[in-house]
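# Summary of the model geometry
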Amino acid sequence: MKNSAPEVYVVKKGDTLWDISNMYLDKPWLWPQLWRTNIHITNPHLIYPGDKLRLVKNEKGETVLEVVRELAKTEIKLSPKGIKSFKTAEPIPALPWSVIKPYIENEMIMSKQAYDRYPYVLGNQEGSVRYVTNNLVLGKASRRSKKDLNIVRKQNELYDMDGNFIGLQIRHLADAKLVDADIGKQKLIKIIQAKLEVKRGDKIIPAVKNVPEEIFLSAAEVQTGYIIDDLEQHNLLGKYNVVVLDLGADQVSAGTIMGIYRQGPKIIDGKQPKYEGENNAIRSAFNRGDEISQPALKVGEVVVFKTFDIASYALITKSARVIKRGMIVAKP
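Notes on the structure follow. The model shown is predicted, which means the values in this text are computed figures rather than measured ones. (Residues numbered from 1 in each chain as written. Predicted model: local features only at pLDDT ≥ 70, side-chain atom pairs only at ≥ 80, totals over all residues. Heavy atoms only, no water.)

Our focus in this paragraph is the nonpolar core. Within the largest apolar cluster, 47 residues are counted, with the highest numbers of intra-cluster contacts made by Ile20, Tyr24, Trp31, Leu53, Leu95, Phe305 and Tyr313. If you tally residues by element for this core, the top one is helix α1 (residues 17-24), at four residues. For tryptophan 31, the contacting residues outside a window of four places in its chain are Leu17, Ile20, Ser21, Tyr24, Leu25, Pro44, Ile47, Leu53 and Leu65. Residues Ala220, Val252, Ile323 and Met327 belong to the second largest nonpolar core, which totals 17 residues. (Core = buried A, V, L, I, M, F, W, Y, C linked by side-chain atoms within 4.5 Å. Buried < 20%, exposed > 50% of the residue type's maximum accessible area, 1.4 Å probe, protein only. Helix = DSSP H or I, 4+ residues; strand = E, 2+ residues; numbered from the N terminus. Contact = heavy atoms within 4.5 Å.)

As structure tokens, then:
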């Protein structure tokens, strides 16, 4: 428990579970342990604006967090068509939704074989090379054409730390719709909403509706991996940047919290200690020198928020140093 933890806190709209957990605990993944006396709260990851959080001691002398929740008043929402519906309260998100929303809804990792199979944009009647919202473009026909489409582009190739190719990072460019027109082997497509400019050669795929995974904060225990890339192609990363981990859905889940560790270069301990790879750091049969591996020191934390078969997306939530590709992720 942090010394600065508030005795009473009223949850506000715009709060995140991660921020509130950090407000109370040095180890925010221990959040559920604070809720031991709230038998009426079945899921400590669901708290709502207006909830009053109060620190108290239980009969065992343990510090626990008590929640005072007033019964929500029933609200009825009236649509323009006169349809009545009940409005239910929304819990605060676990992580800053504005940061992770684009990656959950649109970005993806795909195999090269799958990417190569999809049809692509050919051009338009004006002879333009870039296309935006409301433009009509011609595309290669697909055997199984869908009405709702996405236009995407390969952003970069993903490799693990041994140099093995593991997949393609795919960027969402635009939402589109198939136009009902008889034009032979091609298809006429209207760009409904372009997030980025579309170009010739960009791939046309069936619209993907990605549903957010439920996020339950929990600490990694034995999982170990690496940061292998980031989604914005920056070399230097920090808090609230999104990174790619070489850990798939069989190893981590949405809400898995991991520490980020930086390991320094190996040291060759001879008459004059040198770093491995440094000029003149040569070991021979006559003067080998001992090879010393430095300890990995913690420099930050990440929370996984989206998983794939071969990799996962994670949000950097804390960084004491600049975060780079190749840093280790393990139990926090």
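Under the criterion given, the structure shown has four aromatic pairs. Centre to centre, the rings of tyrosine 24 and tryptophan 31 are 6.4 Å apart; their planes meet at 50°, and the pair counts as tilted. With respect to class, tyrosine 24 is no different from tryptophan 31; both count as buried. Seen from their ring centres, tyrosine 159 and phenylalanine 165 are 5.6 Å apart, and the 70° between their planes marks the pair as edge-to-face. (Phe/Tyr/Trp six-rings, centres within 6.5 Å; stacked < 30°, edge-to-face > 60°.)

Regarding helix α2 (residues 97-105), the residues found buried are Ile100, Tyr103 and Ile104. Looking straight down α2, one finds that the buried residues subtend no more than 100° of arc, so they occupy a single side. Where α2 is buried, its residues touch β17 (242-245), β22 (296-307) and β23 (312-319). (Arc of directions from axis to C-beta.)

The subject of this paragraph is the pairing of strand β9 (residues 136-140). Where strand β7 (residues 121-123) lies against β9, two bridges are found, and the strand directions are antiparallel. Counted as the bridge partner of valine 121 is glycine 139 from β9. Two strands pair when backbone bridges link them, and β9 and strand β12 (residues 186-194) are joined in this way by five bridges, in the antiparallel orientation. Bridge assignment links leucine 138 to a residue of β12, and that residue is leucine 188. (Pairing = 2+ DSSP bridges.)

Here we come to the pattern of salt bridges. Two side chains that carry opposite charge are able to pair once their charged atoms sit near each other. A complete count under the given rule lists ten salt bridges for this structure. In this structure, the salt-bridge partner of lysine 154 is glutamate 157, at a minimum N-O distance of 3.9 Å. You can call lysine 154 partly exposed: its relative accessible area is 36%. The salt bridge partner of glutamate 301 is lysine 318, with a shortest N-O separation of 3.9 Å. Of this pair, glutamate 301 sits in strand β22 while lysine 318 is found in strand β23, placing the two residues 17 residues apart along the sequence. Using a relative accessible area of 2% as the deciding quantity, one classes glutamate 301 as buried. According to the relative accessible area criterion, lysine 318 is partly exposed, its value standing at 37%. Within the structure, one salt-bridge network assembled from shared partners comprises Glu107, Arg171 and Lys195. (Salt bridge = Lys/Arg side-chain N within 4 Å of Asp/Glu carboxyl O.)

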